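Here is how the chains run, residue by residue.
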Protein chains: 2
Amino acid sequence: MNKQNITIYDVARESKVSMATVSRVLNGNSNVRPATKNKVMNVINKMEYRPNAVARGLASKKTTTVGVIIPDVTDEYFASLARGIDDIASMYKYNIILANSDDDSSKQVKVLNNLLSKQVDGIIFMGNEINDKLRQEFKNSNVHIVLAGSVDEINSVPSVNIDYISAVKTETNKLINNGNKKIAFISGSLNQPINLDYRLVGYKKALQENNYVFDKSLVFSTNGNYQSSYNLVNSILSKNITAAVVTNDELAAGLLNGLTDLNIKVPDDFEIFTSNDTKISRLVRPQLSSITHPLYDVGAVAMRLLTKIMNNEDVDKKQILLNYDIVERQSTK
Amino acid sequence: MNKQNITIYDVARESKVSMATVSRVLNGNSNVRPATKNKVMNVINKMEYRPNAVARGLASKKTTTVGVIIPDVTDEYFASLARGIDDIASMYKYNIILANSDDDSSKQVKVLNNLLSKQVDGIIFMGNEINDKLRQEFKNSNVHIVLAGSVDEINSVPSVNIDYISAVKTETNKLINNGNKKIAFISGSLNQPINLDYRLVGYKKALQENNYVFDKSLVFSTNGNYQSSYNLVNSILSKNITAAVVTNDELAAGLLNGLTDLNIKVPDDFEIFTSNDTKISRLVRPQLSSITHPLYDVGAVAMRLLTKIMNNEDVDKKQILLNYDIVERQSTK
DNA sequence: CTGTTAGCGCATTCAG
DNA sequence: CTGAATGCGCTAACAG
């Protein structure tokens, strides 16, 4: 008999007990005499029996797998979240089905439904924009969903993030205190609430507190990649800007390199603050000052929250904000 | 009735056919009259019926999910492979269960068995070292396994890679042609066959062809991270080395920055070739010359190969080598 | 504490 | 071309 095909019946027969008893020891049910438990365990080990999780899932209506919807694993921001998610998931005996969505709305609902058909016990969603259609799908699906490092501006779903507003505000304040008069705000698409409704708001708040007038022409909305900010440099310099708050590290690296290539000295002639503290921020020269975004922890806490929710435990707060810090490296004075 | 709980029986009743017929239209079985097929399809759409993949898996013994064992999603090298894997997987209607192994041998067998219990139809394995224990587990598991961007020195498993020997040899030759007399080979652990049995061999071949004597003291085995090569710089310079072939981009970035911090000019005073052409190689200054490693394609082809194998199609070659190229950016003359 | 029994939702014979 | 019946491997009452 093939190792793959050993069933609970086989070990029951071999152990001279009923399959129900085997099932009990498998599931740690206490209602089984230690002696028979040992007997069964021995047979299980001897036969190298491995429970069929699919059958289990069908019978119990629990698959111990969660779906993870991610824009792109290749993006270090989300990959770091994913790593935190997987570590905690496996700690709680869950597997993750990972699905790339490219942040594309139609792909997102497609993979969501695919995940649901696989009967996942829960879903961790990562994405830069959540529209009504998606919210509706979330609601209609009867699985629990948690957002990781992603915001829903109306908080219709539990989520784990940092306080983006406050973080960006702090950075902007530092730049103001360093004497900069014109500070750019450079982000990925402003259609993304995380940029428009959080980070930009933090930027504006800092300006306001310091009696700076908000100047729309100092706000740069890009597609978020390295080249887009690299190409922005001339336009930025023409406006006598001397510092920038940037919302992702690739963007910041592009800006930095663009500046350097034009012989503008960072931080002497231009200061940069970035947002996610990924490896990139330490690889470039000068190294980038940044928010110390605890990406791994955001993923980990999101997954932990999901286990609680799936387990029907009480959770006091469904919108969790983790602590961040600011690290000043070489791109700021 | 809850959308999640609509079964094949419900649509059968509603369609006034048997569940067998519904099953047939679901599976594209041609033995069903177009008229009844339409009737059933309409009901399916109306009720928003979504087949339960778990039940399907139990009945058909196919789960349309494959396991993906990865050292660390956070590593851009493997993340790029994973992205290629997922894209092709979803193209063929498979989902991927992603499991991080940290390249740890005991974790690897643990997640392997976990994946097997989930009845995955196949496995893509990524890892820097495959030992006999693991090979044995591979053999005992009756699922098909394909290696992506990872080598088994005895080729006991189908795999997709590039020709590391030839690639490194080409790089080394260029460095030799540029007049360098002492060229370092800097890699992650030499316990990893990919470094010891492939890349180092390529390095040696180039030396030999040019009548250079191989000097063991020019070979640096590190733990593979940025800091480890950064810290190596003094030791390297003390040996009058003027160029290096580096086996991963983080390592190369560390070397580059270490050199730059000591005011050694790259490429004028020191040339660097790196291996994986990840974003990093373009973010640092000067940008790193590299093998143009088609990471996404390696993952994609590995997944495609797996689908063929799972489908019992004939595959002529089970050890696939993809084409690479060399791109000379700013770290070489 | 242990065994018997009935599904979980579907694919798949086997008849017709 | 369609339906009835069986079973995939396991969990979860229900009895005892």
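Residues numbered from 1 in each chain as written. Chains lettered and ligands numbered in written order. Predicted model: local features only at pLDDT ≥ 70, side-chain atom pairs only at ≥ 80, totals over all residues. Heavy atoms only, no water.

As recorded by an unreviewed UniProt entry, chain A carries the name Catabolite control protein A and is attributed to Apilactobacillus timberlakei.

Turning our eyes to something else, we now look at the side chain of A:Gln287. Note that A:Gln287 resides in the loop between α13 (280-283) and β10 (289-291). In this structure A:Gln287 touches A:Ser281, A:Arg282, A:Arg329, A:Gln330 and A:Ser331, once residues within four positions along its chain are discounted. (Helix = DSSP H or I, 4+ residues; strand = E, 2+ residues; numbered from the N terminus. Contact = heavy atoms within 4.5 Å.)

Let us now look at the relation of the copies chain A and chain B. Between chain A and chain B, the superposition needs a rotation of 180° and an axial shift of 0.1 Å, giving an RMSD of 0.1 Å. Such a combination of rotation and displacement between the chain copies is what one expects of a two-fold axis. Residue A:Ile97, judged by its C-alpha, is the member of chain A lying nearest the rotation axis, at 2.2 Å. Take the interface residues of chain A: 98% of them recur as interface residues in chain B, which is what a same-surface contact looks like. (Least-squares fit on C-alpha atoms with pLDDT ≥ 70 in both.)

Between chain A and chain B, the contact holds 52 residues from the first and 51 residues from the second. Where chain A abuts chain B, roughly 4500 Å² becomes buried across the two surfaces, and 49% of that area is made up of carbon and sulfur atoms. Across the pair B:Asp261 and A:Arg285 runs a salt bridge whose closest N-O atoms are separated by 2.6 Å. The tally of links between chain A and chain B comes to 28 residue pairs in polar contact (both at pLDDT 80 or more). For the side of chain A that touches chain B, a count of residues per class yields 20 nonpolar, 19 polar and 13 charged. Bridge count between strand β2 (residues 95-100) of chain A and strand β2 (residues 95-100) of chain B: three bridges; the pairing is antiparallel. (Buried area = accessible area lost by both parts, 1.4 Å probe. Salt bridge = Lys/Arg side-chain N within 4 Å of Asp/Glu carboxyl O. Polar contact = N/O pair within 3.5 Å; in protein donor to acceptor, adjacent residues only side chain to side chain. Nonpolar A, V, L, I, M, F, W, Y, C, P; charged D, E, K, R; others polar. Pairing = 2+ DSSP bridges.)

In this section: the packing of aromatic side chains. Any two aromatic rings considered together are summarised by their centre-to-centre distance and by the angle between their planes. All names here are of chain A. Tallied over the entire structure, the rule returns 12 aromatic pairs over all chains. Taken together, the ring pairs connect Phe-185, Tyr-203 and Phe-214 into an aromatic cluster. Positioned above the aromatic ring of Phe-214 is the side chain of Lys-204, whose terminal nitrogen or guanidinium carbon lies 4.7 Å from the ring centre. (Phe/Tyr/Trp six-rings, centres within 6.5 Å; stacked < 30°, edge-to-face > 60°. Lys NZ or Arg CZ within 6 Å of the ring centre and 35° of its normal.)

Structurally, the position occupied by B:Ile280 is in helix α13 (residues 279-283). Residues B:Ile280 and B:Asn140, spaced 140 residues apart in sequence, show a C-alpha to C-alpha distance of 39 Å. Not counting residues up to four positions away in its chain, the partners in contact with B:Ile280 are A:Leu283, B:Glu76, B:Asp249, B:Glu250 and B:Ala253.

Turning to helix α14 (residues 295-310) of chain B, a few remarks are in order. All names here are of chain B. The terminal C-alpha atoms of α14 lie 23 Å apart, and with 16 residues this matches the ideal 22 Å at 1.5 Å per residue to within 8%. Every buried residue of α14 is listed here: Leu-295, Val-298, Gly-299, Ala-300, Ala-302, Met-303, Leu-305, Leu-306, Thr-307, Ile-309 and Met-310. On its buried face, α14 sits against β1 (65-70), α5 (76-91), β3 (122-125), β4 (144-148), β5 (159-162) and β11 (319-322). Looking at the residues trailing α14, positive phi occurs at Asn-312, about 60°. (Expected span 1.5 Å × (residues − 1). Buried < 20%, exposed > 50% of the residue type's maximum accessible area, 1.4 Å probe, protein only.)

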